[in-house]
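Understanding the architecture of this molecule
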Amino acid sequence: MTSTHNVSTPTLHEPSPPDAAEKGEHKSESSDKIAGGDSHSAKEASLRSFELLAKGEGVKPVFLAKVNVLNQAIQECGMGWYQYKLSISAGFGWFADNIWLQAISILMPYVSNQDGFPLYPRVRLATLALYAGLIAGAAFWGMTCDIVGRRVAWNATLVIGGVFGLAAGASPNFTVLGVLLALMGFGVGGNLPVDGTVMNEFLPGSHSFFLTFLSVWWAIGQVVASLVCWVFVAKYSCDQTLVGTEGYQCNDSNNSGWRYSYYTLGAMMLFLAAVRFFILPMDESPKFLISIGRDKEAVEVVHRIARANGKTSALTLADLHNAALPYMTEEDKMKGTIETKFSVIELARQSLQQTDAEHIRALFSTRRLAYSTSLIILIYGCVGLAYPIFYAYLGSYLSQRNAALGNTSVSATFSAYTYQAACGVIGSLWATYMVTWKRGGRKFAMAFFTFANGVFEIGLAQARTSVQVNALTCMVAITSNAFYGILYAYAPELFPSPMRGTGDALCSSFNRVTGLFAPIIAVYSSAAKTPNGPVYASAGIFLVTGVLMMALPIETAGRTAL
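The present account deals with the structure reproduced in this document. Since the structure is predicted, the reported quantities are computational estimates derived from the model, not experimental observations. (Residues numbered from 1 in each chain as written. Predicted model: local features only at pLDDT ≥ 70, side-chain atom pairs only at ≥ 80, totals over all residues. Heavy atoms only, no water.)

Of regular secondary structure, the protein chain possesses 24 helices and zero strands. Looking at the protein chain as a whole, 51% of its 562 residues are labelled buried. The long-range fraction of contacts in the protein chain, counting pairs at least 24 apart against all pairs at least 6 apart in sequence, stands at 82%. Summed over its atoms, the accessible surface of the protein chain is roughly 24900 Å², and 64% of this surface lies on carbon and sulfur atoms. (Helix = DSSP H or I, 4+ residues; strand = E, 2+ residues; numbered from the N terminus. Buried < 20%, exposed > 50% of the residue type's maximum accessible area, 1.4 Å probe, protein only. Contact = heavy atoms within 4.5 Å. Areas by Shrake-Rupley, 256 points an atom, 1.4 Å probe, with all protein chains shown as cover.)

The following block contains the structure:
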């Protein structure tokens, strides 16, 4: 017993017996081997985990490894002049997207007065043409920017929208007008997905909320559209009190205001496209450059970001290659290169892969995820229907309500429209604060503003004075811009990373598709029979949507997206 004790626990000053020393050496060697084996196994597990993550994202592991390095480098560049300048240029896209939607709302009643054009509300089918173009444009430009680069789509969308918007002003009949609006929508439809993608890839992760702030441009677009149309329609439009009376003609000689408005807005878009191209040129996305094997140029772009922000980047080409080294294929090792370049076919497949059956099924793989996915898609669809039902007909609604109150002047209608448009800026700024507010949460804020929007619309339908009309349209503008801004921040965070692109695509697509039905409902349903019809229809949908938002199971405020 004593002997065993001595062998097992030798004193510090007394040497161990030879056999015990040998055992200790063997034990140490064995421990080193075990430790080494554990370390090697842990490393292999980490590599396998990363490869599975890359597979889930639909990209090569070497590409994802380099993107992680880029993200860190961009984070170190911070938020500075480079991003602020880019946000101005990206804001042009938000500006353009809303300015054309508002132009249809404002101008169609005056188009319907002109001889040879359909009467109101059938003229509202022009909204259907625009939405058809928006859907096609969103899909086309969303995929194209993954194949030919962000910069091509970035510069082309404003130009296309401007050219066909300008041409719409010269439309000889309603058929041609519809075609030109659809073609204009094809260009405009790419603004939000492309500009959002570009901003997302240049923003440091700590400032992702800045995307919500860009919705301010959306509100500014509404204000500008109102002011431009006000200037021309007030001076160059037919007498509303005489339209439809026997012998009165309404043609280009006395009803050119809507044409001048389209000419001006189209020229404005071309001017902004020129500013974007010549004065505020963008660098190609470094992540796209890596995807086509131009790593050196990607590093150069990061260094330009750093210099513009008054900083120095330590990123080197070697950093990218070292990060990708553990994921080299045997072919790469034989060639001594690290291949991250995707072919055009691979890039197209990756873009289309976001909507393949496997990724869609993954969104419904668990009960909770399936519930969240179904509900957020439904919410996007409801908002996509309710918003154009109200806003596409707000101009004619204000005109009819002011006439009922004894004020038939064009200025009365446009002043009310401009007031509510300006209020939208407040809503966008409010939303920017709310997406970072952890106490109440994004889900509650989004639901509150959506439900309040419906309540204010019902109040608007009951308004009896011009002051009440102006006040309530202002509140509607504030709440609608606020919930839209929060919704676009919430939805991408709801989906796990491997399925995020698919989830966003489904939400956006359903939002545009339901928007197609807005003009059909307003033209052919009972909602078209009274001025308050579209308002009540929109309000009802918003109230239900606000309740649905509270039923979402996940709160994303203060939560890192998976």
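Okay, a nonpolar patch on the surface next. On the surface, V159, V163, L166, Y236, Y260, Y263 and L270 cluster together into a nonpolar patch covering about 510 Å² of accessible area. Contributions of two or more residues to the nonpolar patch are made by α6 (150-168) and α11 (257-279). Position of V163 relative to the elements: it lies in helix α6. (Patch = residues over 30% accessible without salt bridge, like charges linked within 9 Å, V, L, I, M, F, W, Y side chains within 5 Å. Salt bridge = Lys/Arg side-chain N within 4 Å of Asp/Glu carboxyl O.)

To continue, consider the packing of aromatic side chains. Using the criterion set out here, one finds 26 aromatic pairs in the structure. Linked through ring pairs, W218, Y387, F390, Y391, F483, Y484 and F542 together constitute an aromatic cluster. The residue whose ring lies beneath R276 is W154, and the NZ or CZ to ring-centre distance is 4.0 Å. (Phe/Tyr/Trp six-rings, centres within 6.5 Å; stacked < 30°, edge-to-face > 60°. Lys NZ or Arg CZ within 6 Å of the ring centre and 35° of its normal.)

Moving on to helix α19 (residues 394-404). Buried residues of α19: L394, G395, S396, Y397, L398, R401 and N402, and no others. Phi for G406, located one or two positions after α19, is positive at around 90°.

With that settled, consider the state of the cysteines. Considering all chains together, one arrives at two disulfides under this definition. Between C238 and C250 runs a disulfide, and the two sulfur atoms are separated by 1.8 Å. Looking along the S-S bond of the C238-C250 disulfide, the torsion reads about 100°, which is the right-handed sense. Of the two residues, C238 is situated in the loop between α10 (215-235) and α11 and C250 in the loop between α10 and α11; the sequence distance between them amounts to 12 residues. Here the two residues C238 and C250 agree in accessibility, since each one is buried. Note on cysteine connectivity: C423 is disulfide-linked to C474, with sulfurs 1.8 Å apart. Across the S-S bond linking C423 and C474, the dihedral sits near -95°, which makes this disulfide left-handed. Here C474 lies in helix α22 (residues 466-494) and C423 lies in helix α20 (residues 410-434), a separation of 51 residues in the sequence. On the basis of relative accessible area, C423 is assigned to the buried category, the value being 11%. By relative accessible area, which is 15% here, C474 ends up buried. (Disulfide = S-S within 2.5 Å.)

Using the criterion set out here, one finds seven salt bridges in the structure. Of the charged contacts, one joins D295 and K66 as a salt bridge, the two residues approaching to 2.3 Å between their closest N and O atoms. Residue D295 is located in helix α13 (residues 295-308), and its partner K66 is located in helix α3 (residues 61-77); the two are separated by 229 residues in the primary sequence. The burial state of D295 is the same as that of K66; both residues are buried.

We now examine the environment of I279. Structurally, the position occupied by I279 is in helix α11. Taking the C-alpha atoms as reference points, I279 and S89, separated by 190 residues in sequence, lie 9.6 Å from one another.

Moving on, we come to the side chain of D195. Mapped onto the fold, D195 is located in helix α8 (residues 191-202). Once you skip the residues sitting within four places of it in the chain, D195 turns out to touch A90, G93, W94, W154, G190 and R276.

Let us look at the packing of α3 against α13. One can describe the packing of α3 onto α13 by two numbers: an axis separation of 9 Å at closest approach and a directional angle of 15°. Of the possible angle classes, the one that applies to α3 and α13 is roughly parallel. For the element pair α3 and α13, the recorded crossing hand is right-handed. For the pair formed by α3 and α13, the contact residues are K66, L70, A73 and C77 on the first element and D295, V302, I305 and A306 on the second. Of the residues assigned to the contact of α3 with α13, the class counts are six nonpolar, no polar and two charged. (Axes fitted to C-alpha atoms, helices over the stretch in contact; angles between N-to-C directions. Parallel < 35°, antiparallel > 145°, perpendicular 65-115°, else oblique. Left-handed = near helix turned anticlockwise from the far one by under 90°. Nonpolar A, V, L, I, M, F, W, Y, C, P; charged D, E, K, R; others polar.)

Relative to the helices and strands, R150 resides in helix α6. Other than its neighbours up to four places away in sequence, R150 contacts C145, V194, T197, V198, E201, M282, E284, S285 and F288.

This part is about the nonpolar core. Of all hydrophobic cores here, the largest spans 132 residues; its most connected members are W100, L177, Y262 and I376. Counting residues in each nonpolar core, the second largest holds six residues, with V62, A65, A324 and Y327 among its members. (Core = buried A, V, L, I, M, F, W, Y, C linked by side-chain atoms within 4.5 Å.)

By the secondary structure assignment, S508 is in helix α23 (residues 500-524). The exposure class of S508 is partly exposed, given its relative accessible area of 35%. Taking the C-alpha atoms as reference, S508 lies 9.2 Å from I135; in sequence the two are 373 residues apart.

For the pair helix α18 (residues 367-391) and helix α24 (residues 533-550), the least separation of the axes is 9 Å and the interaxial angle reads 160°. With respect to α24, the element α18 is oriented roughly antiparallel. The handedness of the crossing between α18 and α24 is left-handed. On α24, the residues touching L375, L378, I379, C382, V383, L385, A386, Y387, I389 and F390 of α18 are P534, V535, A537, S538, I541, F542, T545, L548 and M549. For the contact of α18 with α24, a count of residues per class yields 17 nonpolar, two polar and no charged.

In short, geometric facts, not functional conclusions.
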